[in-house]
Amino acid sequence: MTQKLRVGVIGGGVFGTYHARKVAASKQAVLVGVYDRDAGRASGVIDDVSVQEGQATDARVYATETELVSVCDALIIATPAHSHFDLGRAGLRAGKHVLIEKPLALSGEEADALVALAREQDLVLQVGHQERLVCDALGLFEHSIDVQKLELVRAGPPPKGGRAMDVSVIWDLMIHDIDLAHCLLGATAHGFSATGVRELGDEFDQVDASFMIEDTHVELSASRLAELFERTMKIRCADGMIEVDFVNRTLKNTTGYQLNDAFASEVPDPLGAADEHFFAACVRGTESEISGQSAKFAVATAEKLETLAKSIKGKR
């Protein structure tokens, strides 16, 4: 493909706007349009891109997702989680490369179906797990780290404007950490436990969960009821501890593993870096480094934790 990748964004919310900015700023891609059920929101994304770029964009608002899909090489889907499977499947069936914001889908069955369809169509399917790039810059994937215990915390205030309130905090926040656990430890999880609390609506707003991958214990806590943002990972090893603060971009390492203290400067914009990986994979016809194939394991685990949390009576 000698011309720039033609990319359309479905979703006119916060993340749709973020992605549209990255497309417009890329040397590999061009933003051709935005679709949202609320045309005013889609128009707002176009206006935002024009302001960010300092000039009017040729991108336009499309009346339907079908019309947008027809003029694109690739799609970025940044809509509520319940729509990810249907929109992703439609894009892949139309022969388009697809980046789906997390989660890939809301069931293991749906995730498997999307992965199979992308493979059948020989298309790129990427998922919005950009913090893998941060862990890669840290050097965590370069070593066979003997993890004795993995602890992950992801918390923040209630989302503005009701964003992501259609799903529990497992799918909204914890899914990132479940994905990192699978990347570090392996594909198959077992020994699940999960409890949740509802406060803002019908879905869980705070969840404490755990599972095993092989013989390593993983503990996770996610909340959208906190006063401050917290994103931390603690890796307990036989000879010390690795502690990563994703908010403050800091590393503490008392183990013998050689990790990169300057990781923050190497990936200052994880979302932008992930989008560039997607564009490059589409242009080159190679598998994404954040592929649906690798992300489907987190979906299967999240589904089991969600089911388990809902099965425990007496939790509001």
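A brief report on the enclosed structure follows. Note that the structure is a prediction, hence the values are computed from the model and not measured.

Considering the overall build of the protein chain
What the protein chain contains, in helices and strands, is 10 helices and 13 strands. Against the compact-globule benchmark of 20 Å for 316 residues, the protein chain has a radius of gyration of 19 Å, which places it among compact chains. With the C-alpha coordinates aligned to their principal axes, the bounding extent of the protein chain is approximately 55 × 45 × 40 Å. For the protein chain, the proportion of its 316 residues judged to be buried stands at 52%. Here the contacts in the protein chain between residues at least 6 apart in sequence split such that 70% fall between residues at least 24 apart. Summing over all exposed atoms, the protein chain offers an accessible surface of approximately 14,300 Å²; the carbon and sulfur share of this is 47%. Here the protein chain holds 32 positive side-chain charges and 47 negative ones, and the gap between their average locations is 3 Å.

So, the sheet that holds strand β10 (residues 216-223)
Strands sit in the order β8-β9-β10-β7-β11-β12-β13 across an open sheet of 7 strands; the sheet is mixed. The sheet is open, and its two edges are formed by β8 (189-197) and β13 (250-253), each paired on a single side. Ignoring strand direction, the axes of neighbouring strands in this sheet form an average angle of 10 degrees. Two elements, β8 and strand β9 (residues 206-213), share 7 bridges in a ladder whose sense is antiparallel. Each residue of the ladder has a partner; that of alanine 189, found in β9, is isoleucine 213. Running over the sheet, helix α10 (residues 292-311) touches β8 and β9 and is turned about 50 degrees from β8.

Some details on helix α7 (residues 169-185)
If you check α7, its first and last C-alpha atoms are 23 Å apart, about what 17 residues at 1.5 Å a residue would give, namely 24 Å. Maximal helix bending in α7 amounts to about 55 degrees, located at isoleucine 175. Buried residues dominate α7, accounting for 16 of its 17 residues.

What to know about the sheet that holds strand β4 (residues 74-77)
Read from one edge of the open sheet, 6 strands run β3-β2-β1-β4-β5-β6, paired in parallel fashion. The open sheet has two edge strands, β3 (60-61) and β6 (125-127), and neither has a second partner. Of the strands in this sheet, β1 (5-10), β2 (29-35), β4, β5 (97-100) and β6 touch helix α9 (residues 270-284), which is tilted by about 155 degrees from β4.

Considerations on the pattern of salt bridges
Evaluation of the coordinates by the stated rule reveals 16 salt bridges. The shortest N-O distance in the salt bridge between aspartate 36 and arginine 41 comes to 3.4 Å. Overall, the relative accessible area of 13% leaves aspartate 36 in the buried class. The salt bridge partner of aspartate 205 is arginine 224, with a shortest N-O separation of 2.9 Å. Of this pair, aspartate 205 sits in the loop between β8 and β9 while arginine 224 sits in the loop between β10 and β11 (230-237), and the two are 19 residues apart along the sequence. Residue classification places arginine 224 among the buried residues on the basis of a relative accessible area of 1%.

Examining α10
Between its first and last C-alpha, α10 extends 28 Å over 20 residues, near the 28 Å set by a 1.5 Å rise per residue. Among all positions in α10, only Gly292, Ala295, Lys296, Ala298, Val299, Thr301, Ala302, Leu305, Glu306 and Ala309 are buried. Buried positions along α10 lie against α5 (108-121), β6, α6 (131-138), α7, β8 and β9.

Re the pairing of β10
The sheet contact formed by strand β7 (residues 147-155) and β10 spans 7 bridges and is parallel. Following the sheet pairing, glutamate 151 is matched in β10 by glutamate 219. In the sheet, β9 pairs with β10 via 8 bridges, with the strands oriented antiparallel. Bridging across to β10, serine 210 finds its partner in glutamate 219.

Rules and cut-offs
Residues numbered from 1 in each chain as written. Predicted model: local features only at pLDDT ≥ 70, side-chain atom pairs only at ≥ 80, totals over all residues. Heavy atoms only, no water. Helix = DSSP H or I, 4+ residues; strand = E, 2+ residues; numbered from the N terminus. Rg over C-alpha atoms; globule rule 2.2 N^0.38 Å. Buried < 20%, exposed > 50% of the residue type's maximum accessible area, 1.4 Å probe, protein only. Contact = heavy atoms within 4.5 Å. Areas by Shrake-Rupley, 256 points an atom, 1.4 Å probe, with all protein chains shown as cover. Lys, Arg positive; Asp, Glu negative; His and termini not counted. Charge placed at Lys NZ, Arg CZ, Asp CG, Glu CD. Pairing = 2+ DSSP bridges. Axes fitted to C-alpha atoms, helices over the stretch in contact; angles between N-to-C directions. Expected span 1.5 Å × (residues − 1). Bend = angle between axes of the 7 residues up to and from the residue. Salt bridge = Lys/Arg side-chain N within 4 Å of Asp/Glu carboxyl O.

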